[in-house]
Amino acid sequence: MTEELLDITVEVNGRPRSARVPARRLLSDFLRHDIGLTGTHVGCEHGVCGCCTVLLDGKPARSCLMFAVMAQDHAVTTVEGLEGDDGELHPVQQAFHECHGLQCGFCTPGFVMSVCGLLAENPDPTEEEVLEGISGNLCRCTGYQNIRKSVHRAAEALRETGQSATGPGRAGG
Amino acid sequence: MKPPPFRYVAPDTTDDALAALADAGDEAKVVAGGQSLIPLLNMRLAAPSVLIDINQLTDLDRIEVSEARVTVGATVRQASLEHDEEAIRRLPLLGQALRHVAHPVIRNRGTVVGSIAHADPAAELPAVLAVLGGTVEVRSTAGERTLAAEDLFVGPLESSLDPTELITAASFPVPEGRWGSAFEELARRHGDYAMSGVATVVHVNGDGLVASAQAAFTGVGPVPVVVDLSGPLAGQDPTRLDTAEAVAAARGAIDPQPDIHASAEYRRHLSGVLVDRALRAAGERAWHQGGGE
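Residues numbered from 1 in each chain as written. Chains lettered and ligands numbered in written order. Predicted model: local features only at pLDDT ≥ 70, side-chain atom pairs only at ≥ 80, totals over all residues.

1. What to know about the sheet that holds strand S2 (residues 15–22) of chain A
All names here are of chain A.
Piece 1. The 5 strands are arranged S2-S1-S5-S3-S4 in an open sheet whose pairing can be described as mixed. Of all the strands in the sheet, the pair left with one neighbour each is S2 and strand S4 (59–62). The average undirected angle you get between the axes of adjacent strands in this sheet is 45°.
Piece 2. One ladder, built from 4 bridges, connects strand S3 (residues 53–56) with S4; its direction is antiparallel. Following the sheet pairing, Leu55 is matched in S4 by Pro60.
Piece 3. Running over the sheet, helix H3 (residues 108–121) touches S3 and S4 and is turned about 35° from S3. (Pairing = 2+ DSSP bridges. Helix = DSSP H or I, 4+ residues; strand = E, 2+ residues; numbered from the N terminus. Axes fitted to C-alpha atoms, helices over the stretch in contact; angles between N-to-C directions. Contact = placed C-beta atoms within 7 Å.)

Printed below as a string of structure tokens:
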């Protein structure tokens, strides 16, 4: 049986990106393999680890639990979309850097996207809200304490600079 | 990890979706949020030959709140209901349960009706529908019908829906009079399916005493297990419940199975602890706020 291929166009980081894919192509694989954005990491592929988290219309979602064809009417933001014009880190990324919120870095893009979504909805989260906000992401290195600190630091930086939590960043403020 | 191949259909209207379902029958699965179905596809535990995506059916993306009920359309995300202040004010149990459903990121995509249609006995929302005596609106090309929760859930991941039928909405009735609710559960890890969970509703009469009480358990039977605890609780002060008899009755009514996470005895014990907490919280709320948080 020859599998039917669909021509799809998905808005990724503000640009329309097209590919010819089977219906079963996961959004995570579309991002990594079809359009070469390997910043989105793939861990468990059943929604548990959170590594593949991207923003869908500004809200965090698992890219492994969605088919690329289903993303056609939506705007997808990946970790690459957080980069400023001159390559500067986004305040959330900068906060992870400053607070040592990563070690091996595999889970980091997923954490960063979840935190962007969290801070867009809640710019000044309590400790409990931070824990709830990152509860869907697994990290095997850090023990989470520095990630927790990074989220508070990022919230502070975003409030100080008045920047968008989900748009391209200027860590310098 | 790759799902098995399928034909993808994304109808623009409910009628087209029903026609596609009628066409494909039990070869098809409906996808909305996909947060339960797509893991099953990724692990190849399910292999439908047709996937019917109902996300274009914008007329189903509606929450309706009246005095009597909160009605949630088939494409409403769990996060949308969680953040709908009017719906949560009318029926706080929805909010009390939704915050236990997986993680915030999953709730951004997962739908309320999808969770009910999936009929996982460990899931929270089927228990909420069951404890309130709620219903679902079901349509197919042959017509439409309203199905009570007790008739919908028939086994683990098994509902009484015909393969050609689509749940278009779930309807959660608001209890009458003065009442309070609570949801309690315990999971090994935050966001996992719980080893046991329970939704409770406690009603208070005009004299301020318990009139009736219901509980619905998750994870301790093939379907949400509804237990009427009015007998042991009626006539008590809702703020100072003696729950010993109710806890014993609940433990006797459930049939937990052992698995990798917990033994049957532990689940039975845990269910009693949780229902005790949930009844006390619901009783307090019934007394103080007449149904509120």
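2. Overview of the interface of chain A and chain B
Accessible area lost upon the coming together of the parts is a frequently used measure of interface size.
Piece 1. With 23 residues of chain A at the contact, the number on the chain B side is 24 residues.
Piece 2. Elements that contribute at least two residues to the side of chain A that touches chain B include exactly S4 and helix H4 (127–133) of chain A.
Piece 3. Among the elements that make up the side of chain A that touches chain B, the one with the highest residue count is S4(A) (4 residues).
Piece 4. Of the residues in the side of chain A that touches chain B, the class split is 8 nonpolar, 8 polar and 7 charged. (Nonpolar A, V, L, I, M, F, W, Y, C, P; charged D, E, K, R; others polar.)

3. Quick word on the pairing of strand S11 (residues 178–186) of chain B
All names here are of chain B.
Piece 1. Where burial is concerned, most of S11 is hidden: 7 out of the 9 residues are buried.
Piece 2. As defined by bridge partners, S11 adjoins strand S12 (residues 196–204) across 9 bridges and the pair is classed as antiparallel. What sits directly across from Ala182, in S12, is Thr200. (Buried ≥ 20, exposed ≤ 12 C-beta atoms within 10 Å, placed from the backbone.)

4. Here's the deal with the sheet that holds strand S14 (residues 225–228) of chain B
Residue and element names in this part refer to chain B.
Piece 1. On the basis of which strands lie adjacent, the open sheet formed by 4 strands has the order S11-S12-S13-S14 and antiparallel pairing. Every other strand in the sheet has two partners, leaving S11 and S14 as the edge strands with one partner each. Pairwise comparison of adjacent strand axes, ignoring direction, gives a mean angle of 15° for this sheet.
Piece 2. Alignment of strand S13 (residues 210–218) against S14, held across 4 bridges, turns out to be antiparallel. By the bridge assignment for S14, Ala216 is matched with Val226.
Piece 3. Running over the sheet, helix H8 (residues 124–131) touches S11, S12, S13 and S14 and is turned about 150° from S13.

5. Digging into the nonpolar core
Piece 1. Formed by 143 residues in total, the largest nonpolar core has its most connected members in B:Leu94 and B:Val128.
Piece 2. For B:Val128, the contacting residues outside a window of four places in its chain are B:Leu93, B:Leu94, B:Ala97, B:Phe172 and B:Ala199. (Core = buried A, V, L, I, M, F, W, Y, C linked by C-beta atoms within 7 Å.)

6. What about the packing of helix H2 (residues 91–98) of chain A against H3(A)?
Residues and elements named next belong to chain A.
Piece 1. It is at 9 Å that the axes of H2 and H3 come closest, and there the two elements cross at 125°. Considering their axes alone, H2 and H3 lie oblique with respect to each other. Crossing of H2 against H3: the hand is right-handed. Residue-level inspection shows Val92, Gln93 and Phe96 of H2 in contact with H3, the latter providing Thr108, Val112, Val115 and Cys116.
Piece 2. Class assignment for the residues of the contact of H2 with H3 results in 5 nonpolar, 2 polar and no charged. (Parallel < 35°, antiparallel > 145°, perpendicular 65-115°, else oblique. Left-handed = near helix turned anticlockwise from the far one by under 90°.)

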